[in-house]
Amino acid sequence: MEKKTYYITTPIYYPSANFHIGHCYTTIIADAIARYRRLEGFDVCFQTGTDEHGQKIENKAKEAGVGPKEYVDAIVENAKDLWKALNISYDKFIRTTDSYHEKAVQKIFTKLYEQGDIYKGEYKGLYCTPCESFWTETQLVDGKCPDCGREVHEVKEEAYFLKLSNYADRLVEYIETHPEFIQPESRKNEMINNFIKPGLEDLCVSRTSFRWGIPVPFDPKHVIYVWLDALTNYITSLGYMSDDTSEFEKYWPADLHLVGKEITRFHTIVWPILLMALGLPLPKQVFGHGWLVINGGKISKSLGNYKDPREYIKDYGVDAVRYFVLREVPFGNDGVFSEEALINRTNSDLANTLGNLVNRTISMANKYFDGTVTNKNVTEAIDQELIVKVQEAKKVVSEKMDQLHVSEALEYIFEVLRRCNKYIDETTPWALAKDDTKKGRLQTVLYNLLESIRVCGMLLSPFLPETSLKIQQQLNNQEESREFLSTNTYKVGEPSPLFQRIDKK
Ligand code: MSP
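Not measured: the values here are computed from a predicted model. (Residues numbered from 1 in each chain as written. Predicted model: local features only at pLDDT ≥ 70, side-chain atom pairs only at ≥ 80, totals over all residues. Heavy atoms only, no water.)

J.: Explain the overall build of the protein chain residue by residue, including any values.
T.: Assigned secondary structure in the protein chain consists of 18 helices and 17 strands. At 26 Å, the protein chain has a C-alpha radius of gyration in line with the 23 Å of a compact globule built from 505 residues. Principal-axis analysis of the C-alpha atoms places the extent of the protein chain at approximately 90 × 55 × 40 Å. Burial status across the protein chain gives 58% buried among its 505 residues. Restricting to contacts in the protein chain with at least 6 residues of sequence separation, those with at least 24 account for 77%. For the protein chain, the computed accessible surface area is about 21,100 Å², with 48% contributed by carbon and sulfur atoms. Of the charged side chains in the protein chain, 62 are positive and 72 negative, and the gap between their average positions amounts to 3 Å. (Helix = DSSP H or I, 4+ residues; strand = E, 2+ residues; numbered from the N terminus. Rg over C-alpha atoms; globule rule 2.2 N^0.38 Å. Buried < 20%, exposed > 50% of the residue type's maximum accessible area, 1.4 Å probe, protein only. Contact = heavy atoms within 4.5 Å. Areas by Shrake-Rupley, 256 points an atom, 1.4 Å probe, with all protein chains shown as cover. Lys, Arg positive; Asp, Glu negative; His and termini not counted. Charge placed at Lys NZ, Arg CZ, Asp CG, Glu CD.)

J.: So what about the pattern of salt bridges? Which residues, and what values?
T.: Considering all chains together, one arrives at 39 salt bridges under this definition. Here Lys-250 makes a salt bridge to Asp-43, at a shortest N to O gap of 2.9 Å. Of this pair, Lys-250 sits in helix 9 (residues 246-251) while Asp-43 sits in strand 2 (residues 43-50), and the two are 207 residues apart along the sequence. The class of Asp-43 is buried, set by a relative accessible area of 18%. (Salt bridge = Lys/Arg side-chain N within 4 Å of Asp/Glu carboxyl O.)

J.: A description of the packing of helix 14 (residues 381-402) against helix 15 (residues 406-427) should follow, citing residues and the corresponding values.
T.: Look at helix 14 against helix 15: their axes get within 9 Å of each other, and the N-to-C directions meet at 170°. The orientation of helix 14 with respect to helix 15, classified from their angle, is roughly antiparallel. Residue-level inspection shows Ile-382, Asp-383, Glu-385, Leu-386, Lys-389, Val-390, Glu-392, Ala-393, Val-396, Val-397, Lys-400 and Met-401 of helix 14 in contact with helix 15, the latter providing Val-406, Glu-408, Ala-409, Tyr-412, Ile-413, Glu-415, Val-416, Arg-419, Cys-420, Tyr-423, Glu-426 and Thr-427. Looking at side-chain class alone, the contact of helix 14 with helix 15 contains 14 nonpolar, 1 polar and 9 charged residues. (Axes fitted to C-alpha atoms, helices over the stretch in contact; angles between N-to-C directions. Parallel < 35°, antiparallel > 145°, perpendicular 65-115°, else oblique. Nonpolar A, V, L, I, M, F, W, Y, C, P; charged D, E, K, R; others polar.)

J.: Run through helix 14, naming residues and quoting values.
T.: End to end, helix 14 covers 33 Å across 22 residues, agreeing with the expected 32 Å (1.5 Å per residue, within 8%). The largest bend in helix 14 comes to about 35°, at Ala-393. Inspection of helix 14 places Asp-383, Leu-386, Ile-387, Lys-389, Val-390, Ala-393, Val-396, Val-397, Ser-398 and Met-401 among the buried residues, and these make up the whole buried set. Where helix 14 ends, the next residue or the one after it, Leu-404, has phi of about 60°, a positive value. (Expected span 1.5 Å × (residues − 1). Bend = angle between axes of the 7 residues up to and from the residue.)

J.: Hey, could you go over the site of the ligand for me, with residue numbers and the actual values?
T.: The full set close to the ligand counts 24 residues, and Ile-12, Asp-51, Gly-260, Glu-262 and Leu-292 are the nearest of them. In the model, a nitrogen atom of the ligand is placed 2.8 Å from a nitrogen or oxygen of the Ile-12 main chain. Bound to the protein, the ligand loses 95% of the 670 Å² it would expose on its own. The cavity where the ligand resides is the largest pocket. Here the element with the most residues in the shell around the ligand is helix 1 (residues 21-39); it accounts for 4 residues. (Near = heavy atom within 4 Å. Polar contact = N/O pair within 3.5 Å; in protein donor to acceptor, adjacent residues only side chain to side chain. 1 Å grid on protein atoms, 1.4 Å probe; cavity = no way out; pocket = protein on both sides within 12 Å on 5 of 7 lines; lining within 4 Å. Sits in = over half its atoms within 2 Å of the grid points.)

J.: So, helix 3 (residues 68-85): which residues are in play, and what are the values?
T.: When the terminal C-alpha atoms of helix 3 are compared, their 26 Å separation across 18 residues agrees well with the 26 Å that a helix rising 1.5 Å per residue should span. Among all positions in helix 3, only Tyr-71, Val-72, Ile-75, Val-76, Asn-78, Ala-79, Leu-82 and Trp-83 are buried. Structurally, helix 3 contributes buried residues whose contacts are with strand 1 (5-13), helix 1, strand 2, helix 2 (55-64), strand 3 (92-95) and helix 11 (309-316). Once helix 3 finishes, Asn-87 follows within two positions and takes phi at roughly 65°, a positive value.

J.: Any chance you could break down empty space enclosed by the protein for me, citing the residues and the numbers?
T.: Empty space among the atoms becomes apparent when a probe as large as a water molecule is rolled across them. Enumeration according to the criterion identifies 2 cavities of 30 Å³ or more in this entry. For the largest cavity, the calculated volume is near 50 Å³. The wall of the largest cavity is formed by Tyr-25, Ile-29, Phe-287, His-289, Val-329, Pro-330, Phe-331, Gly-332, Leu-404, Val-406 and Ser-407. Residues of the lining of the largest cavity, tallied by class, amount to 8 nonpolar, 3 polar and no charged. Here the second largest cavity defines a volume of roughly 30 Å³. If you go around the second largest cavity, the residues you meet are His-53, Gly-54, Arg-207, Phe-210, Trp-212, Gly-213, Val-223, Ile-224, Tyr-225 and Val-226. (Points joined across faces, edges and corners; volume = space filled by probe spheres on them.)

J.: Could you give me a rundown of the packing of helix 2 against helix 3, with the residues and numbers involved?
T.: Helix 3 packs onto helix 2 with a crossing angle of 90° between their chain directions and a minimal axis gap of 8 Å. As the angle between them shows, helix 2 and helix 3 are arranged roughly perpendicular. Between helix 2 and helix 3, the contacting residues are Ile-57, Lys-60, Ala-61 and Ala-64 on the first element and Pro-68, Tyr-71 and Val-72 on the second. By residue class, the composition of the contact of helix 2 with helix 3 is 6 nonpolar, no polar and 1 charged.

J.: Which residues make up the side chain of Asp-383, and what values go with them?
T.: Along the chain, Asp-383 falls in helix 14. Residue Asp-383 is classed as buried on the basis of its relative accessible area of 1%. Not counting residues up to four positions away in its chain, the partners in contact with Asp-383 are Val-378, Tyr-423, Arg-441, Thr-444 and Asn-448.

J.: Explain the layout of surface pockets residue by residue, including any values.
T.: Looking at the largest pocket, its volume works out to about 1,500 Å³. Around the largest pocket, the lining comprises 47 residues; the ones closest to its centre are Tyr-14, His-23, Lys-56, Arg-150 and Lys-298. Broken down by secondary-structure element, the contributors of at least two residues to the lining of the largest pocket are strand 1, helix 1, helix 2, helix 3, helix 7 (226-231), helix 8 (233-236) and helix 10 (264-278). Looking at side-chain class alone, the lining of the largest pocket contains 22 nonpolar, 16 polar and 9 charged residues. What the second largest pocket holds in volume is close to 510 Å³.

Take it as geometry only, folks, not as evidence of what the structure does.
Structure (structure tokens):
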């Protein structure tokens with residue numbers, strides 16, 4: 001039987017030499033979801049990439065005294081290097097300067113022009129270069145860009161427009177009849193009430209005042225608006241408008257576009273309208289996640305309030321960074337980042353709850369049974385409470401992940417781990433070890449612990465892949481089931497600490 005497919009994307013990132021921990025959020029969460037789906041047996045396509053055109057990049061290249069292509073080529077590796085350091089398991093990496101993408105975007109533009117969805121007119125308006133966004137006077141906040149608060153400037157030029165207005169009714173109807181399309185719910189209401197219902201103005205989709213973009217094929221003094229270029233990455237990467245569309249047929253429509261809240265608007269208004277105009281099905285879901293903020297404000301280069309994420313990875317380990325990001329931002333809301341909070345989480349959850357449990361249990365298995373443990377079935381009532389909690393874990397994680405409640409999925413696994421620690425206190429293996437008649441019971445207790453750790457280790461693999469592997473290695477057990485089994489056998493290896501407690505100084 002063919003596997004069910006799952007196509008998940010992150011936004012494509014503006015290439016940068018200055019990524020911060022907030023930038024890692026979308027990608028880490030997408031990675032955890034992609035890994036989880038693979039574990040569930042899906043044929044996953046997980047895509048990320050870089051968004052390399054536009055005035056902002058052209059300006060930066062000028063400042064650096066190099067051509068734009070040279071500029072992006074040099075820093076695109078920075079994104080790939082960061083994703084590698086974070087253990088991001090993407091299947092595809094698209095660059096919008098890839099020639100297959102450029103050709104497909106030109107074909108899309110031409111098709112929309114020929115069928116009348118794109119027309120030529122004159123653009124007069126306000127533009128925010130850092131956000132590559134057009135605004136109307138009424139959308140400004142205190143005369144500044146409503147997204148980033150920076151200055152906008154007036155532009156006036158001959159331009160092509162996409163008839164968003166033609167599709168507004170269809171879009172509202174679609175959103176209202178597909179409650180899962182925009183998540184969380186609050187963003188859906190924001191899109192309908194603040195943007196669509198007040199009336200959609202046609203979108204300017206070409207520029208003539210700078211050169212760094214994909215030329216309009218039949219009018220090359222125009223370059224195609226960077227957001228039209230960028231959004232189509234989700235289909236051009238699959239071969240849409242190329243000679244080989246097999247991947248497109250296999251994976252489209254996307255199951256999930258995961259995006260930060262500030263770009264939800266592009267993904268739930270402009271993107272679906274483009275797809276409707278192309279006669280294509282819409283993605284099943286766009287999830288607009290919250291931000292990681294510092295002291296209530298955005299993490300930003302200009303404020304200089306961050307380190308390169310690789311510094312944290314170097315100091316605390318990749319899974320400490322992944323864990324913090326996944327655990328700290330509740331479903332759809334903002335989460336607060338600080339190095340101190342990262343240290344606290346690592347110490348309390350990873351070093352104490354998880355690390356100590358694994359270390360203590362493996363040490364006891366070595367000390368009392370030379371590492372070889374089987375279930376002697378000398379049970380007591382107290383075992384059931386633990387086993388039931390472990391048994392439920394797979395189901396709970398599955399329910400949470402289906403709703404993208406990633407933080408809550410992790411919370412449950414750590415609840416199970418805490419229950420294991422309590423089980424050690426309740427069963428006092430060190431006391432059982434002193435009594436020869438209790439050896440059978442002691443073995444069952446250690447078995448229950450090892451098997452619970454194994455299940456939690458398997459369940460943690462999408463979130464903490466490196467740690468999960470270390471746990472499996474220390475347990476020296478090949479069983480991949482995520483259920484509590486009563487007839488496994490263990491011959492454990494030597495314990496080695498999974499996480500060191502971090503001294504705050
Ligand atoms: N290039 C556009 C996306 C085009 S998609 C067709 C873009 N790029 S970006 O580099 O600015 O942002 C990439 C992702 O990082 C976005 O999802 C954005 O929300 C996310 N984040 C950037 N700073 C963030 C935080 N402080 N916190 C959480 N995520 C944030 O937008």
